[in-house]
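# Working through the structure, step by step
Residues per chain, in single letters:
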Amino acid sequence: MKKFVKVLLIISASLLGLGLLIAATGFAWSYRFAQRYESLEFASMESASTTNQTFEVDAASLERITISLGLSDVRFEKVSDPAKARVETKGFFENELKFSQENGRLTLENRSLKNGFSLFNCGLFRVDWQGRVHLGAEVLDRSVTIYLPECALAELTFEGGVGDISGDLPISADVMRFNCGAGDLSLSNLNAKSLRVSGGVGDVTLENYAV
């Protein structure tokens, strides 16, 4: 009988601890949401504006490309002049994208993706797991066009969420990875020793794939 009571007490203590943990997490979410709402970071859709941007690419030193965008159509275009290598973006908020090229690696990523997965998503805005509010992602017309000359890379890694990926790849790479969530992937003239393509919803069309 005493053993049975001990087991019940252990179960009760475990459930109480779990309840306290859930309550504390809920309070933290609510508190962060309220802070975000009252701060200037929670801009209204009327005051939020997008901008078109162009980032120059040093094609001569390019060895690796890493792209992580979330929501955007992406297109690859070939340029004959390496000096015209660039990335053009449309429909993103100012400072939302991080562009860098260091030690041979070109990186283009959406800063908001680092804020974690969504606790809930209402289209016009979403709330991540830390209670932070992100606005307007699902209603914007976003696109990224990558202009590159013919060149050989060690690696091309692409992480996408929603959007189509298309174009004629002017580059070859030892390793190419394309991970897409929802959207069509249509690429031609892929030249890679190792190619990995994964996706959720959408058609995949690869033409003239060479090893």
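Here is what the cut-offs are and how they apply
Residues numbered from 1 in each chain as written. Predicted model: local features only at pLDDT ≥ 70, side-chain atom pairs only at ≥ 80, totals over all residues. Heavy atoms only, no water. Phe/Tyr/Trp six-rings, centres within 6.5 Å; stacked < 30°, edge-to-face > 60°. Helix = DSSP H or I, 4+ residues; strand = E, 2+ residues; numbered from the N terminus. Buried < 20%, exposed > 50% of the residue type's maximum accessible area, 1.4 Å probe, protein only. Lys NZ or Arg CZ within 6 Å of the ring centre and 35° of its normal. Core = buried A, V, L, I, M, F, W, Y, C linked by side-chain atoms within 4.5 Å. Contact = heavy atoms within 4.5 Å. Pairing = 2+ DSSP bridges. Axes fitted to C-alpha atoms, helices over the stretch in contact; angles between N-to-C directions.

In total, this model carries two aromatic pairs according to the counting rule given. Taking 4.7 Å as the distance between ring centres and 10° as the angle between the ring planes, the aromatic pair formed by phenylalanine 55 and phenylalanine 99 counts as stacked. Placement of phenylalanine 55 in strand β1 (residues 50-56) and of phenylalanine 99 in strand β5 (residues 97-102) is noted, with a sequence separation of 44 residues between them. Centre to centre, the rings of phenylalanine 158 and phenylalanine 178 are 6.3 Å apart; their planes meet at 35°, and the pair counts as tilted. Taken together, the residues phenylalanine 158 in strand β11 (residues 151-162) and phenylalanine 178 in strand β13 (residues 171-182) connect sequence positions 20 residues apart. A relative accessible area of 3% places phenylalanine 158 in the buried class. What makes phenylalanine 178 buried here is its relative accessible area of 1%. Above the ring of tyrosine 147, the side-chain terminus of arginine 86 is found at 3.8 Å from the ring centroid.

Time to look at the nonpolar core. In this structure, Ile65, Phe76, Met176 and Phe178 are the most contacted members of the largest nonpolar core, which totals 33 residues. Every element with two or more residues in this core is listed here: β2 (64-71), β3 (73-78), β4 (86-93), β6 (105-110), β10 (143-148), β11, β13 and β14 (185-188). With five residues, the top contributor of residues to this core is β13. Filtering out sequence-adjacent residues up to four positions away, phenylalanine 178 remains in contact with Phe76, Leu156, Phe158, Leu169, Leu185, Leu187, Leu190, Leu195, Arg196, Val197 and Ser198.

Right, let's get into the sheet that holds β10. Strand pairing in a sheet is mediated by backbone hydrogen bonds. Such pairs are either parallel or antiparallel. Taken together, seven strands build an open sheet; the order of strands is β1-β4-β10-β3-β12-β14-β16 and the sheet is mixed. The open sheet terminates on both sides in strands that have one partner only, identified here as β1 and β16 (204-207). Strand-to-strand, the axes of this sheet are offset by a mean angle of 10°, without reference to chain direction. Pairing analysis gives three bridges linking β3 to strand β12 (residues 165-168), with the strands arranged parallel. Looking across to β12, one finds that valine 74 is bridged to isoleucine 165.

Here the focus is the sheet that holds β13. Strand order across the open sheet formed by six strands is β5-β6-β2-β11-β13-β15, with mixed pairing between neighbours. For this open sheet the edge positions go to β5 and β15 (191-201), each flanked by a neighbour on one side alone. Neighbour-to-neighbour, the strand axes of the sheet open up by a mean angle of 5°, direction not taken into account. Sheet analysis places β2 next to β11, joined by seven bridges and oriented parallel. Following the sheet pairing, arginine 64 is matched in β11 by glutamate 155.

Let us look at the pairing of β4. Pairing between β1 and β4: six bridges, direction antiparallel. Note that in β4 the partner of phenylalanine 55 across the bridge is valine 87.

One non-glycine residue with positive phi stands out, namely asparagine 95, at about 70°. If you trace the backbone, asparagine 95 turns up in the loop between β4 and β5. Looking at asparagine 95, the relative accessible area reads 55%, which means it is exposed. Despite not being glycine, asparagine 103 has its phi angle at roughly 50°, a positive value. Looking at the element boundaries, asparagine 103 is found in the loop between β5 and β6.

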